[in-house]
2 protein chains.
Amino acid sequence: MTRGPVSGQAADLTTYFCDHAWLGGDATAKAVLVSVHDGRITAVEAGAREPREAVHLAGVTLPGFANVHSHAFHRALRGRTQRGGGTFWSWREQMYRVAAALSPESYYALARATYAEMTLAGFTSVGEFHYLHHQPGGAPYADANEMGAALVAAACEAGIRITLLDTCYLESAPGRPAEGPQLRFADAGAEAWAERVAGLHLGAGARLGAAIHSVRAVPPAAARLVAHAAASNDLPLHFHLSEQVSENETAIAAYGATPAAVLGGSGALGPTAVAVHGTHLSGKDVELLASSGTGVCMCPTTERDLADGVGPARLLAEAGAPISLGSDSHAVIDAFEEMRGLELDERLVSGRRGHWSAPELLVAATSAGHEAIGWPDCGRIAPGSVADLVTVTLDSPRLAGATPRSFVEHVVFAGSAPDVTDVVVAGRVVVSQGRHRLVGDVSAALGAAISSVVER
Amino acid sequence: MTRGPVSGQAADLTTYFCDHAWLGGDATAKAVLVSVHDGRITAVEAGAREPREAVHLAGVTLPGFANVHSHAFHRALRGRTQRGGGTFWSWREQMYRVAAALSPESYYALARATYAEMTLAGFTSVGEFHYLHHQPGGAPYADANEMGAALVAAACEAGIRITLLDTCYLESAPGRPAEGPQLRFADAGAEAWAERVAGLHLGAGARLGAAIHSVRAVPPAAARLVAHAAASNDLPLHFHLSEQVSENETAIAAYGATPAAVLGGSGALGPTAVAVHGTHLSGKDVELLASSGTGVCMCPTTERDLADGVGPARLLAEAGAPISLGSDSHAVIDAFEEMRGLELDERLVSGRRGHWSAPELLVAATSAGHEAIGWPDCGRIAPGSVADLVTVTLDSPRLAGATPRSFVEHVVFAGSAPDVTDVVVAGRVVVSQGRHRLVGDVSAALGAAISSVVER
């Protein structure tokens, strides 16, 4: 399933010597030598001596993080939606205004800078839930996949692996056609979606996934067709699910069932499917998702920002649903915030601590995350895995005082994106000592890209 | 009430030229010249030309933050309490173990490093809720205030203004004597507390406050005596209030009233009083606090970490209670996290956005915070105010893309402690380009101090 490493890495053997590394389990290992050949880990030795030629990684080295749910262009909204009150739905109006302003060029520039911010923060893969397909008004571009291609090019330039989750979006609400900015999102039908997607040709470091925007925007028969196309082509299948109470009400009114049940009826649930959010689920929904092996991607920083509520992540996990994480609207881009947010928000509503251990949160952010977007051999520091390494310095005031027996807890509960110093993606050094080696000045790239698409 | 600036600032005139500064209100001002003489702001001019001799502050400059509720020694617990499950009460057992290990020397070293971490994060004042008074077993030190003096010396070394909230702690629960590690906290009675506190002599940059640990630990008659002592000596009076449901149950069982009502009956409420947490309040408690002018210090990152729940901060503010912020247990030390946490956690439990505007959150963190700990002429960039300035760079990826019309929202909702570059306390430069000019390597100081008091 893996298409191989992001292009450009050295094909020869490189060894990394990690002062400490998390190889899975409850704690970190010390003095870990990681041998990498052709973008893949060939050997991992703990308690090793440091060879002269090794690249030294100080601090704690983790597997790469997967950002399972991203809308790259939402990055332009950061800070700008925090004035006045409202709900998810008033926020959506502001989001639509940015969507209306984007061209293939500005979408590319914004995604490249946003993906570079992600790599600086230790994300080595991104699942881009992409629905901004067409020209304003809805006419296709000359290349009907020009927008999707822009995202893939942006990821390549930023050194991040991408799963382009090409999203089927058909209507504004059950029985009501797409309107206004939504015209850019909408294909003529699920068949048209499938035909367009068949024209996508991705290179190394990229793979295709399918997405059903939501039960609100895709009727059950069309969802069935998308699910069938995903299954036939071995594509991960993602969908927004029950982020808002009114989504549930809409589904029940239109189809007589909760969104999870509607999607179950369309054959969309299963081990390669991922429900995003799952904030407002019934007990039966939880059972339906878990028993089918469907994963759930939680987006804690976005769900908190958008006042969605706190989903039953622990309940889902205990029932058997693999949990992954995404930064979604990019109110912040920080894998540590997503990890601890999952636990801390459950604490707030339950009055208890310890729903998620730090190692469980790391699994969600790394191996489970990569599995959710179709890269099952990424996200582990282990022989045979793709060589994604993320090094966190212990020298910041945030992590000062950590000792080996609590490194894992310290990093997950007190680490922060700026503590990431080095990022290796498929054997290629993308971030070195906090500097992005491909994009250079990421802040300047973000500033330029954002200023071209927002009202100043 | 203000005792004057932290010692050591230049007595001559200094001018600071801020690219952007928040002078109160909805937005930042541009090209702001701040003139400082003898630690105090003498003039503020927006839209100014930059004089050759001015100190240039790039980015957005804010007034100093006040950390209204701190237990400095809890910093040693960071990361270490995140294994296993439990509640506030099991966390407290771990906290007691650190309390049991401290000496005046190690308390000083830990507080100095922790306060230095605070100044790096933009806090210019701290309210230290200090109850670790005595030797293990409860015997007083030769100087009965040796531990309090260590904290004041630590703050002075770290360049932060301190209000030493000397805390009266008498019993383990109503009618039950202090035991185990609590013996270090307990004075023989409120009179003994008052007598000990009368022996405290603080220098410039420090002032005294009084505290009642909680209704659990201080009976009503003793609370009355502490409140009287505070009022007679013009001291701010702080107390933990209703952080946990069981605190309320204990108060009702022992005294037939909620903690707020018990403290009201003891004369402890009023405009110089500050209730800390106020997580679980009845409607009548809210009315009691607000109608008496009592302030409430919320500690969002701690309340989330300890699974306390979400207090009715907006309700309190609308009823008239001034709201301030503290980092309390120091699970993280980040004023931006505290500010946005107040809003974001209310979003999670309400399903709505916009309870707190970014300027309101800045007021809580700056002027309201300073008022809560007895420094009413700090926390504003205005003529006559003490010259505390905190500069936030706009160059990080977190804040890239911000434009002047949304700087305030951007900084509050996406800023982070590492974005603070420069901190001036009472006209003295304490942090310059991210480096602490007094303590130097803050991380090393933290590491050394923590390693001496925790199990490795």
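Residues numbered from 1 in each chain as written. Chains lettered and ligands numbered in written order. Predicted model: local features only at pLDDT ≥ 70, side-chain atom pairs only at ≥ 80, totals over all residues. Heavy atoms only, no water.

Participant: Give a description of the overall build of chain A that names residues and reports values.
Facilitator: Along chain A, the regular secondary structure elements total 15 helices and 18 strands. The C-alpha radius of gyration computed for chain A amounts to 21 Å, which stays within 12% of the reference 23 Å derived for 456 residues, consistent with globular compactness. Expressed as lengths along the three principal axes of its C-alpha atoms, the size of chain A is roughly 65 × 50 × 45 Å. By the burial criterion, 65% of the 456 residues in chain A qualify as buried. Counting only contacts in chain A whose residues sit at least 6 apart along the sequence, the fraction spanning at least 24 positions is 75%. (Helix = DSSP H or I, 4+ residues; strand = E, 2+ residues; numbered from the N terminus. Rg over C-alpha atoms; globule rule 2.2 N^0.38 Å. Buried < 20%, exposed > 50% of the residue type's maximum accessible area, 1.4 Å probe, protein only. Contact = heavy atoms within 4.5 Å.)

Participant: Any details on the interface of chain B and chain A? Residues and values, ideally.
Facilitator: Tallying the contact residues gives 56 residues for chain B and 56 residues for chain A. Carbon and sulfur atoms supply 51% of the area that chain B and chain A bury against each other, a total of about 4900 Å² over both sides. The largest share of the area that chain B buries against chain A comes from B:Arg304, B:Leu348 and B:Arg353, three residues that together contribute 18% of it. Where chain B touches chain A, the interface holds 8 salt bridges. Here B:Arg347 and A:Asp305 are joined by a salt bridge, their closest N and O atoms 3.2 Å apart. In this structure, the connection of chain B to chain A is made through 34 residue pairs in polar contact (both at pLDDT 80 or more). Those elements that place two or more of their residues in the side of chain B that touches chain A are helix H2 (104-120), helix H9 (300-305), helix H11 (335-350), helix H14 (407-414) and helix H15 (442-451) of chain B. If one sorts the elements of the side of chain B that touches chain A by residue count, H11(B) sits on top with 6 residues. (Buried area = accessible area lost by both parts, 1.4 Å probe. Salt bridge = Lys/Arg side-chain N within 4 Å of Asp/Glu carboxyl O. Polar contact = N/O pair within 3.5 Å; in protein donor to acceptor, adjacent residues only side chain to side chain.)

Participant: How would you summarise the pairing of strand E11 (residues 237-241) of chain A if you had to cite specific residues and measurements?
Facilitator: Residues and elements named next belong to chain A. Burial analysis of E11 places 5 of its 5 residues in the buried class, which makes it a mostly covered element. Covered by surrounding structure in E11 are Leu-237, Phe-239 and Leu-241 together with His-238 and His-240, the residues of both alternating faces. As judged from the 3 bridges shared by strand E10 (residues 206-212) and E11, these two strands associate in the parallel manner. Across the sheet, Ala-210 pairs through a bridge with Leu-237, a residue of E11. Both E11 and strand E12 (residues 273-277) contribute to a ladder of 5 bridges, which runs parallel. Across the sheet, residue His-240 finds its bridge partner in E12, namely Val-276. (Pairing = 2+ DSSP bridges.)

Participant: Could you give an account of the pattern of salt bridges, with specific residues and numbers?
Facilitator: A full pass over the atoms with the stated rule returns 34 salt bridges over all chains. A:Arg340 is the salt-bridge partner of A:Glu337, the closest N and O atoms lying 3.2 Å from each other. Placement of both A:Glu337 and A:Arg340 in helix H11 (residues 335-350) is noted, with a separation of 3 residues, approximately one turn of the helix. Residue A:Glu337 is classed as buried on the basis of its relative accessible area of 12%. In this structure, the salt-bridge partner of B:Arg314 is B:Glu318, at a minimum N-O distance of 3.1 Å. With a gap of 4 residues between them, B:Arg314 and B:Glu318 both fall in helix H10 (residues 313-319), about one helical turn apart. Among the charged side chains, a network of salt bridges with common partners joins A:Asp305, B:Glu343, B:Arg347 and B:Arg353.

Participant: How would you sum up the sheet that holds strand E1 (residues 13-21) of chain B? Please name residues and give values.
Facilitator: Residues and elements named next belong to chain B. In space, the 8 strands of this open sheet follow the order E3-E2-E1-E4-E15-E16-E17-E18, with mixed pairing throughout. Each of the sheet's edge strands pairs with one partner strand only, and the pair in question is strand E3 (40-45) and strand E18 (435-436). Of the strand pairs in this sheet, strand E2 (residues 29-37) and E3 are connected by 5 bridges, and their pairing is antiparallel. Following the sheet pairing, His-37 is matched in E3 by Arg-40.

Participant: Please provide a residue-by-residue account of the domain arrangement of chain A, values included.
Facilitator: All names here are of chain A. Domain boundaries assigned for chain A yield domain 1 (2-63 + 378-442) and domain 2 (65-372). Relative placement of domain 1 and domain 2: their C-alpha centres are 28 Å apart. Here domain 1 packs against domain 2, burying approximately 3000 Å² in sum over the two surfaces, 66% of which is carbon and sulfur. Put simply, domain 1 and domain 2 have 2 salt bridges between them. The salt bridge involving Asp-388 is made with Arg-161; its shortest N-O contact spans 2.7 Å. Joining domain 1 to domain 2, the criterion identifies 9 residue pairs in polar contact (both at pLDDT 80 or more). Ranked by residues supplied to the side of domain 1 that touches domain 2, first place goes to helix H14 (residues 407-414) with 6 residues. Here the residues of the side of domain 1 that touches domain 2 sort into 25 nonpolar, 7 polar and 7 charged. (Domains from an automatic or database assignment. Nonpolar A, V, L, I, M, F, W, Y, C, P; charged D, E, K, R; others polar.)

Participant: Outline the sheet that holds E12(A), supporting the account with residue identities and numerical values.
Facilitator: All names here are of chain A. Within the open sheet, the 8 strands sit side by side as E5-E6-E7-E10-E11-E12-E13-E14. Their pairing is parallel. Each end of this open sheet is capped by a strand with a single partner; those strands are strand E5 (65-70) and strand E14 (323-325). The mean inter-strand angle of the sheet, taken between neighbouring strand axes irrespective of direction, is 25°. Sheet strands in contact with helix H3 (residues 146-158) are strand E6 (123-130), strand E7 (161-168) and E10, and its direction is about 165° off that of E7. Its contacts with the sheet put helix H4 (residues 190-198) on E7 and E10, and the angle it makes with E7 is roughly 155°. (Axes fitted to C-alpha atoms, helices over the stretch in contact; angles between N-to-C directions.)

Participant: Lay out the relation of the copies chain B and chain A in plain terms, naming residues and giving numbers.
Facilitator: Placing chain B over chain A gives an RMSD of 0.0 Å and needs a rotation angle of 180°, together with 0.0 Å of translation along the axis. Put plainly, the chains are arranged around a two-fold axis. When the interface residues of chain B are mapped onto chain A, 100% of them are again interface residues, pointing to one common binding face. (Least-squares fit on C-alpha atoms with pLDDT ≥ 70 in both.)

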